[in-house]
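# Structural overview
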Amino acid sequence: MVIILLGEVALDDRYYSIAIDGPAGAGKSTIAKRVSRILNIEYIDTGAMYRALTLKILRNNIDPLNEEKVIHVLNETEIDFKDNNIFLDGIDVSKEVRENIVSQNVSQIAKIGEVRNRLVNLQRDISLRKNLVMDGRDIGTVVLPNADYKFFLTATVEERASRRYRELVDGENLNIDLDDVISDIIKRDDIDSNRKIGPLRKAKDAYLLDTTDKTISECVEYIVSIVLRGKE
Ligand code: DC
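In this report, the structure presented in the accompanying data block is examined. (Residues numbered from 1 in each chain as written. Predicted model: local features only at pLDDT ≥ 70, side-chain atom pairs only at ≥ 80, totals over all residues. Heavy atoms only, no water.)

### Some thoughts on the side chain of Lys 130
We apply this condition: Here a helix means four or more residues in a row that DSSP labels H or I, a strand means two or more in a row labelled E, and each is numbered from the N terminus. Whether a residue is buried, partly exposed or exposed follows from its accessible area with a 1.4 Å probe, protein chains only, as a fraction of its type maximum: under 20%, in between, or over 50%, in that order. Any pair of residues with heavy atoms lying within 4.5 Å of one another is described as a contacting pair.
Mapped onto the elements of the fold, Lys 130 is located in the loop between helix H5 (113–127) and strand S6 (132–136). In this structure Lys 130 comes out as buried when scored by relative accessible area, which is 18%. Discounting chain neighbours no more than four positions away, the residues touching Lys 130 are Tyr 15, Tyr 16 and Glu 42.

Structural data, given as structure tokens:
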């Protein structure tokens with residue numbers, strides 16, 4: 001099949017999707033963003049959706065462990081994506097959702113069943129309207145089990161923590177300690193992998209890509225070449 005890469009046009013009868021999963025700091029969002037630009041398709045960062053709700057919970061001084069209150073806020077919250085930006089109740093919070101305090105609390109929010117149900121449904125709805133690359137923890141296993149292409153990215157804990165550390169320092173979070181970042185990542189991996197619903201797992205049919213010693217370009221090329229091969 002010949003494919004012309006037009007983001008808004010499905011060339012065979014339906015839109016195609018690329019699922020990218022993996023733990024925090026494996027490089028998913030940087031890589032997925034570049035893949036989306038090369039293929040001219042939409043990028044959906046599902047982590048940003050969980051982060052947006054977490055931001056609202058923290059702003060309202062609600063304890064992330066208080067599920068009842070979190071669900072109450074969830075029911076009064078609108079989360080949306082426009083032009084690669086995340087909107088919380090109509091306001092662009094793309095920058096705020098990256099704050100460290102959000103990273104430290106988001107896994108607690110993301111393990112609540114009602115939260116996952118609502119956001120997974122939203123993610124599936126989006127996938128019906130566009131060619132896209134979507135990244136997260138459960139995209140290939142739960143959100144889009146029939147995704148056309150699935151990838152699972154990994155890297156050592158040390159490498160993932162040092163990437164996250166550099167990102168925070170570049171964002172002028174100068175009081176950050178690398179050991180704290182390592183323990184935050186380990187804690188987040190543990191909660192994300194051991195929760196009952198939609199845990200972090202490699203789908204059986206996902207390509208495994210260890211990004212530890214690879215450049216971003218190498219990872220992007222690997223993914224794009226597999227997608228283009230499949231679309232020929
Ligand atoms: O990819 P990230 O670091 O922005 O994700 C933030 C958190 O959201 C992460 O700790 C786990 C959760 N998450 C999830 O449970 N399911 C997804 N599909 C995406 C993210």
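Next comes the rest of the description.
### With respect to the sheet that holds strand S2 (residues 42–45)
Using the following cut-off: Strands were regarded as paired on the criterion that DSSP finds at least two bridges between them. Axis definition: a line fit to C-alpha positions, over the contact stretch in the case of helices; interaxial angles, taken between N-to-C directions, run 0 to 180 degrees.
What the five strands build is an open sheet, ordered S2-S6-S1-S7-S8; its pairing is parallel. In the strand order of this sheet, the two ends are held by S2 and strand S8 (207–210), each with one partner. Adjacent strand axes in the sheet meet at a mean angle of 20 degrees, parallel and antiparallel pairs treated alike. Direction of pairing for strand S1 (residues 17–21) relative to S6: parallel, over a ladder of five bridges. Its bridge partner lying in S6, Ile 20 is registered against Asp 135. In this fold helix H9 (residues 216–230) packs onto S1, strand S7 (149–154) and S8, with an angle of close to 165 degrees to the strand it touches most, S7.

### Some thoughts on the pairing of S7
Summarising burial for S7: five of the six residues are buried, a large majority. As judged from the four bridges shared by S1 and S7, these two strands associate in the parallel manner. Note that in S7 the partner of Ile 20 across the bridge is Phe 151. Sheet topology note: the S7/S8 ladder contains four bridges and is parallel. By the bridge assignment, Phe 152 is partnered in S8 with Leu 208.

### Points about the packing of helix H2 (residues 46–59) against helix H3 (residues 67–75)
Selection rule: To sort the angles, those under 35 degrees are grouped as roughly parallel, those over 145 as roughly antiparallel, those from 65 to 115 as roughly perpendicular, and the leftovers as oblique. By convention the crossing between two helices is left-handed if the near helix lies anticlockwise of the far one by an angle smaller than a right angle, and right-handed if it lies clockwise. Three classes are used, and their members are as follows: Ala, Val, Leu, Ile, Met, Phe, Trp, Tyr, Cys and Pro are nonpolar, Asp, Glu, Lys and Arg are charged, and the others, Gly among them, are polar.
Direction vectors running N to C along H2 and H3 enclose 115 degrees, while the axes themselves pass 10 Å from each other. Here H3 runs roughly perpendicular to H2, going by the angle between their axes. Remark: the crossing between H2 and H3 carries right-handed chirality. On the side of H2, the interface is formed by Leu 53, Lys 56 and Ile 57, while H3 contributes Val 70, Val 73 and Leu 74. Across the contact of H2 with H3, the residue classes tally to five nonpolar, no polar and one charged.

### Details of unusual backbone geometry
Of note in the backbone geometry, Asn 61 takes a positive phi value of approximately 55 degrees without being a glycine. Along the chain, the position of Asn 61 falls in the loop between H2 and H3. Of note, the phi angle at Asp 89 is positive, near 50 degrees, even though the residue is not glycine. By the element assignment, Asp 89 lies in the loop between strand S4 (85–88) and strand S5 (91–92).

### Considering the site of the ligand
As a reminder, the rule being used: For this purpose, a residue is taken to be near a molecule or strand whenever a single non-hydrogen atom of the residue falls within 4 Å of it. Contacts described as polar in this section are N or O atom pairs within 3.5 Å, which, within protein, must combine one atom able to donate a hydrogen with one able to accept it, while residues neighboring in sequence count only if both atoms come from side chains. The method behind every accessible area is Shrake-Rupley, applied with a 1.4 Å probe, and residues are considered shielded solely by the protein chains displayed.
Taken together, 17 residues are adjacent to the ligand, and Arg 51, Ser 107, Arg 116, Asp 138 and Arg 195 come closest. Ser 107 has a polar side-chain atom sitting 2.9 Å from an oxygen atom of the ligand. For the ligand, an oxygen atom lies 2.9 Å from a polar atom in the side chain of Arg 137. Contact with the protein chains removes 96% of the 450 Å² of surface that the ligand exposes when unbound.

### Remarks on the pattern of salt bridges
In plain terms, the rule: Salt bridges, as used here, are contacts in which a Lys or Arg side-chain nitrogen is within 4 Å of a carboxyl oxygen on Asp or Glu.
Considering all chains together, one arrives at ten salt bridges under this definition. We note a salt bridge from Arg 137 to Asp 192, for which the minimum N-O separation is 3.4 Å. Of the two residues, Arg 137 sits in the loop between S6 and helix H6 (139–143) while Asp 192 sits in helix H8 (residues 178–194), which places them 55 residues apart along the sequence. Like Arg 137, the residue Asp 192 is buried in the burial classification. A salt bridge links Asp 205 to Lys 150; the nearest nitrogen and oxygen atoms lie 3.1 Å apart.

### Examining the nonpolar core
Heads up, the rule is: Note on terminology: a nonpolar core comprises buried Ala, Val, Leu, Ile, Met, Phe, Trp, Tyr and Cys residues joined through side-chain atoms within 4.5 Å.
Counting 35 residues, the largest nonpolar core has Met 49, Leu 53, Ile 79, Ile 86 and Val 115 as its most contacted members. For this core, the elements supplying multiple residues, two or more each, are H2, H3, strand S3 (79–82), S4, helix H4 (100–110), H5, S6 and H6. The element contributing the most residues to this core is H2, with seven residues. Contact partners of Ile 86, with chain neighbours within four places excluded, come to Ala 48, Met 49, Ala 52, Ile 79, Asp 80, Phe 81, Ile 91, Asp 92, Val 93, Ser 94 and Val 97.

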